[in-house]
Amino acid sequence: MEEIYAKFVSQKISKTRWRPLPPGSLQTAETFATGSWDNEENYVSLWSIGDFGNLDSDGGFEGDHQLLCGIKHHGDVMDLQFFDQERIVAASSTGCVTIFLHHPNNRTLSVSQQWTAAHYHTGPGSPSCSNAPCTGVVCNSPEIVTVGEDGRINLFRADHKEAVRTIDNADSSTLHAVTFLRTPEILTVNSIGQLKIWDFRQQGNEPTQILSLTGDRVPLHCVDRHPNQQHVVATGGQDGMLSIWDVRQGTMPVSLLKAHEAEMWEVHFHPSNPDHLFTCSEDGSLWHWDASTDGPEKSLLFHQGGRNSTFLSHSISNQANVHQSLISSWLSTDPAKDRIEITSLLPNRTLSVNSLDVLGPCLVCGTDAEAIYVTRQLFS
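Per-chain numbering applies: the sequence of each chain, read as written, is numbered from 1 onward. A pLDDT threshold of at least 70 governs which residues receive local features in this predicted model, and a stricter bar of 80 or more applies before side-chain atom pairs are shown or counted, although totals over entire chains, interfaces and linings include all residues. The side-chain values count all of the structure's non-hydrogen atoms but skip hydrogen atoms and water molecules.

**Quick notes on the overall build of the protein chain**
Alright, step 1. The numbering of helices and of strands both runs from the N terminus, where a helix is a DSSP run of H or I of at least 4 residues and a strand a run of E of at least 2. Counting its secondary structure elements, the protein chain contains 0 helices and 32 strands.
Alright, step 2. For the protein chain, the proportion of contacts with a sequence separation of at least 24, taken over those separated by at least 6, is 53%.
Alright, step 3. What sets the accessible areas is the Shrake-Rupley method with a 1.4 Å probe; for residues, cover comes only from the shown protein chains. Accessible surface, the protein chain as shown: approximately 16500 Å² in total, 47% of it carbon and sulfur. Contact criterion: two residues are considered in contact whenever any of their non-hydrogen atoms come within 4.5 Å of each other.

**Focus on the pattern of salt bridges**
Alright, step 1. A pair is scored as a salt bridge if a Lys or Arg side-chain nitrogen falls within 4 Å of a carboxyl oxygen belonging to Asp or Glu. Applying the stated criterion across every chain, the model contains 14 salt bridges.
Alright, step 2. Of the charged contacts, one joins R349 and E261 as a salt bridge, the two residues approaching to 3.8 Å between their closest N and O atoms. Of this pair, R349 sits in the loop between β29 (340-344) and β30 (353-359) while E261 sits in the loop between β23 (255-257) and β24 (264-269), placing them 88 residues apart in sequence.
Alright, step 3. When its relative accessible area of 66% is taken as the criterion, E261 is described as exposed.
Alright, step 4. Residues joined in a network through salt bridges with shared partners are K15, R17, D79 and E266. The buried label goes to any residue with under 20% of its type's maximum accessible area, the exposed label to any with over 50%, and the partly exposed label to all in between, with areas taken from a 1.4 Å probe on protein chains only.

**Observations regarding the sheet that holds strand β22 (residues 242-246)**
In a beta sheet, neighbouring strands are held together by backbone hydrogen bonds and run either parallel or antiparallel to one another.
Alright, step 1. Taken together, 4 strands build an open sheet; the order of strands is β20-β21-β22-β23 and the sheet is antiparallel. The open sheet has two edge strands with one neighbour each: β20 (220-225) and β23. Going across the sheet, the axis of each strand differs from the next one's by a mean of 20°, ignoring polarity.
Alright, step 2. Across 5 bridges, strand β21 (residues 232-237) lies against β22 in antiparallel orientation. From the neighbouring strand, V232 faces β22, where its bridge partner is D246. Any two strands with at least two DSSP-identified bridges between them are counted as paired. All axes here are fitted lines through C-alpha atoms, helices being fitted over the stretch that makes contact, and every angle between N-to-C directions spans 0 to 180 degrees.

**Thoughts on unusual backbone geometry**
Alright, step 1. With an omega of 5°, the peptide bond between S141 and P142 qualifies as cis.
Alright, step 2. Located in the positive-phi region is S10, a residue other than glycine, with phi close to 60°.
Alright, step 3. Mapped onto the secondary structure, S10 falls in the loop between β1 (5-8) and β2 (13-18).
Alright, step 4. The phi angle at D159 is positive, at roughly 75°, despite the residue not being glycine.
Alright, step 5. Among the secondary structure elements, D159 is positioned in the loop between β14 (153-157) and β15 (165-167).
Alright, step 6. A relative accessible area of 65% means that D159 is categorised as exposed.

In structure tokens form, the structure reads like this:
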């Protein structure tokens, strides 16, 4: 892989997302959005990756990411998702959900739509209506689903002033992240280690399925669905472990992979090459997991800058009676025969890596060290 380029941006970056490419486009990603947190003033910003620059004083490569435009954001940016090419949805620690519109002609962002009290605490011990952070958002045009610390799930539609559907007491604990499984179905993860599947076609406030790690109530912070196999889901949580689940069977993960030394903040399958998966952590690391390698004997191989070091991990597996040819490389039922190579992508440990995104050969991540890292040649 070619060098990963850093740019220091004087704000802690909580979220990074590539702007989606138009359908059928042969371009590579050029524009990404960032959200900041824990700064005196927080921003949602758009960047162009530009040309890559020269060696900096530390011997690293300095990126020439150009700031296209930015707009102040009230509260910490808790999540960020592109709704389409021009619109970005931001989730705030104030409980507000905002759609920002990009005007490429005059390089500005403006507020297109806002649901100011999407998430709030009610009941004894809280003021009549105290804001609750909106912790996660997922978009599937025209729909936007949000989850929050209040255990509430909202289904919004762009251009609708009110929520189309709200599940008020979806969870008694904090919901940390959400993803679509199929269009009417979503999957949430919470602070007591549970995955819950919800079907918006059903009227009640109950999930259709609950999965969890037995015994441990380790908070789960992130979730991503396999782009081609909608029953395969990856999660990460407070213990830094990577869990792979098959929601069609059982209530336990198919495999548990020892990963980071602290909280895993995000996990992403590569959208077009899903044998590759990426994770980032509070421990300052950013990892590329490659399950595509064929080889006779396997365990997890760890590379630091391409050098093998210690065997790192183990996997547990429920035997699944599924036709072998249908099994994703992540659902292998015999971990002894299957190898996952892990490569550490950042040259040295930094403060927390809070967010990452991958599109084609490009990766972007953002850190508490006020840096944005970009590479354009993931698979070279």
